[in-house]
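# Observations on chain architecture
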Amino acid sequence: MSISKIIREGSSFNNSNEEVELVSFSEPDEINAQTFIKYNGVVLDATDTDAARVILKRLRTFDLNNIYLKPVFLISHEGVKDASLLALSDGEIDPAVMSKIGYRMKNLQDRISRLELIKTESFEMYVMMKMLRFLYTREMVMEPVLDSCSRVGYSFPLVSVNFDREDQHRVFSIIDMAEHETLIEGTFVDRIHLCDKCFSGFLNFREACPKCGGPNLKTEDLVHHFTCAYVGPESDFRKQEGADMICPKCGRLVRHIGVDYDKPATLNFCNTCNEKFQDPKVRAFCFNCKNDTLVENLIEKDVKSYRLTSKGEHAAIYGVTISMKDVIRIPGLVDMGIFNKYIEYEVERFKRVARNGCVAHLHFVNFYDLYVRGVTREKIFPEIIEIIKGSIRPSDMISYLDEATLLFFFTDTPLEAASIPVERLKANLLKLIHDNFTGFEPKIETEIVPISGEFSLDAFVGKIAPP
């Protein structure tokens with residue numbers, strides 16, 4: 001058993017033996033994740049929570065299995081209380097009994113060694129695979145963590161660690177995809193509400209005027225005078241605050257509630273537009289993007305804990321194949337490998353005889369944000385397919401890089417002519433989203449390039465911004 005023990009310079013956790021190599025640091029940025037390839041495990045001094053978080057994030061966001069899945073145990077004088085650190089590690093240990101972690105490390109290494117080398121098609125798939133493999137090697141349940149630094153109020157550190165704070169809502173789209181494909185199984189924990197524009201959970205709920213939407217309201221009790229049946233706001237009965245109540249209709253003194261009068265309801269006054277009403281609207285103001293909307297427009301999201309299914313265990317070992325049956329029904333669609341070979345053939349033909357032909361991509365940048373809204377693949381893909389069918393010619397060839405990215409080859413077509421179906425497809429997709437998802441602003445990027453003797457599909461695809 002070989003372990004690296006990462007401690008801050010001057011730490012009292014400096015006892016060691018022949019199986020433990022000390023790696024000290026003054027600043028966490030000094031730690032290079034590749035340093036730990038040769039070690040079977042890591043013991044990290046978590047006394048400085050912020051420094052430990054930087055080092056753990058660097059390890060867990062690395063590409064290689066033998067680094068991001070590396071066993072990492074925590075030690076701390078005060079005990080580790082940070083839930084995110086614990087979720088990203090393999091737990092806290094007593095430094096005096098480090099020999100007891102040998103079995104746990106061997107079990108982890110055995111499960112890591114079963115994992116096949118795979119290549120993922122998109123950033124989402126890459127992050128999903130890392131999540132599945134961590135759950136598989138640890139045989140654990142992934143629990144949501146209350147997190148005031150997260151835009152949605154919860155985080156799943158295994159997934160969240162791969163995203164910046166402003167993109168934390170994308171964690172749900174990846175988890176939802178995995179659950180939809182039955183790779184993981186969820187158990188309800190909580191229900192949250194998110195802004196329908198930026199997916200933030202930092203909201204202020206307030207009663208507002210149904211006419212102008214303003215929250216500057218004044219509320220009064222309605223008073224019902226039994227003797228003359230007059231009903232009006234309490235201010236009608238008092239000439240000034242603290243004065244006796246006198247009925248404005250009959251002029252009698254009104255003293256005892258339940259005997260002389262009752263208060264059957266309340267009346268609201270808007271100080272902005274002077275509207276009077278009984279039932280205010282409840283609105284939510286987003287502190288992040290300043291969106292002010294009715295609560296029924298908010299995105300309702302269930303927060304769950306997750307465990308791997310049998311299918312998920314198989315996917316963790318051998319890789320994930322997301323079902324694209326609906327997409328495959330598009331006439332002219334071919335596998336990416338065949339598409340690439342055909343393009344290579346066309347490039348070679350161009351070198352001998354110059355000819356027209358263009359390659360294009362359509363990339364739906366925030367496609368996976370629709371999953372946060374509860375949209376399923378079955379709900380949206382049939383309509384997208386119909387739009388694609390109506391936008392291309394039978395002679396055009398289509399492939400897909402992932403769910404959010406389509407590739408096109410237009411044979412015998414100059415650049416100007418190829419731009420017509422691409423722009424038509426983009427416009428129709430934008431209309432579809434705008435008509436069906438209020439408050440969601442789709443981001444769709446396109447690029448068209450003519451075939452030349454120097455054209456490389458790998459280079460062309462490499463320029464597409466990751467989702």
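This text follows the structure it describes.
To keep things clear, this report deals only with the structure shown in the data block. (Residues numbered from 1 in each chain as written. Predicted model: local features only at pLDDT ≥ 70, side-chain atom pairs only at ≥ 80, totals over all residues. Heavy atoms only, no water.)

### Details of the sheet that holds strand 14 (residues 276-277)
To keep it simple, the criterion reads: Any two strands with at least two DSSP bridges between them are considered paired. The way it works is that DSSP assigns letters per residue, a run of H or I at least four long becomes a helix, a run of E at least two long becomes a strand, and they are numbered from the N terminus.
Judged by pairing direction, the sheet is antiparallel, and its 4 strands sit side by side in the order 10-9-13-14 without closing on themselves. Looking at which strands have only one partner, the edges of the open sheet turn out to be strand 10 (231-233) and strand 14. Bridging between strand 9 (residues 217-225) and strand 10 involves 3 bridges; their strand directions are antiparallel. Within the sheet, the bridge partner assigned to Leu222 lies in strand 10 and is Pro233.

### Observations concerning the pattern of salt bridges
Heads up, the condition is: The salt bridge criterion pairs a side-chain nitrogen of Lys or Arg with a carboxyl oxygen of Asp or Glu, the two atoms within 4 Å. Relative accessibility thresholds used throughout: buried, under 20% of the residue-type maximum; exposed, over 50%; partly exposed, between the two (1.4 Å probe, protein chains only).
The final tally for this structure, using the stated rule, is 21 salt bridges. In this structure, the salt-bridge partner of Glu185 is Arg307, at a minimum N-O distance of 2.5 Å. Of the two residues, Glu185 is situated in strand 7 (residues 184-194) and Arg307 in strand 17 (residues 299-308); the sequence distance between them amounts to 122 residues. Using a relative accessible area of 40% as the deciding quantity, one classes Glu185 as partly exposed. Residue class for Arg307 comes out partly exposed when judged on its relative accessible area of 40%. The shortest N-O distance in the salt bridge between Lys431 and Asp435 comes to 2.8 Å. Note that Lys431 and Asp435 are positioned in helix 13 (residues 415-436) at a spacing of 4 residues, about one turn of the helix. A network of salt bridges, in which partner residues are shared, links Asp221, Glu234, Arg238 and Lys263.

### Looking at the nonpolar core
Nonpolar side chains tend toward joint burial in soluble globular proteins. The following threshold applies: Only buried Ala, Val, Leu, Ile, Met, Phe, Trp, Tyr and Cys residues count toward a nonpolar core, and they belong to the same one when joined by side-chain atoms within 4.5 Å. Contacts are assigned to residue pairs with any non-hydrogen atoms lying within 4.5 Å of each other.
Counting residues in hydrophobic clusters, the biggest one holds 91 residues, and the most contacted among them are Met128, Met131 and Leu132. Considering every element that reaches this core, the biggest residue donor is helix 5 (residues 123-138), with 10 residues. Residues in contact with Met131, not counting those within four places in the same chain, are Met142, Val159, Ile175, Ala178 and Ile184. Counting residues in each nonpolar core, the second largest holds 16 residues, with Val334, Phe409, Phe455 and Phe460 among its members.

### Observations concerning the packing of aromatic side chains
Here is the rule we go by: Paired rings are identified among Phe, Tyr and Trp, the last through its six-membered ring, by centres lying within 6.5 Å, and are further divided according to the angle between planes into stacked (under 30 degrees), edge-to-face (over 60) and tilted (the rest). Counting as a charge over the ring demands two things of the Lys NZ or Arg CZ atom: a distance within 6 Å of the ring centre and an angle within 35 degrees of the ring normal.
Scanning the model with the defined rule gives 12 aromatic pairs in all. Ring geometry for Tyr230 and Phe237: centres 5.7 Å apart, planes at 55°, overall tilted. Ring-pair connections join several aromatic residues into one group, and the members of that group are Phe123, Tyr126 and Phe163. Its guanidinium or amino end placed over the ring of Tyr68, Lys130 lies 4.7 Å from that ring's centre, counting from NZ or CZ.

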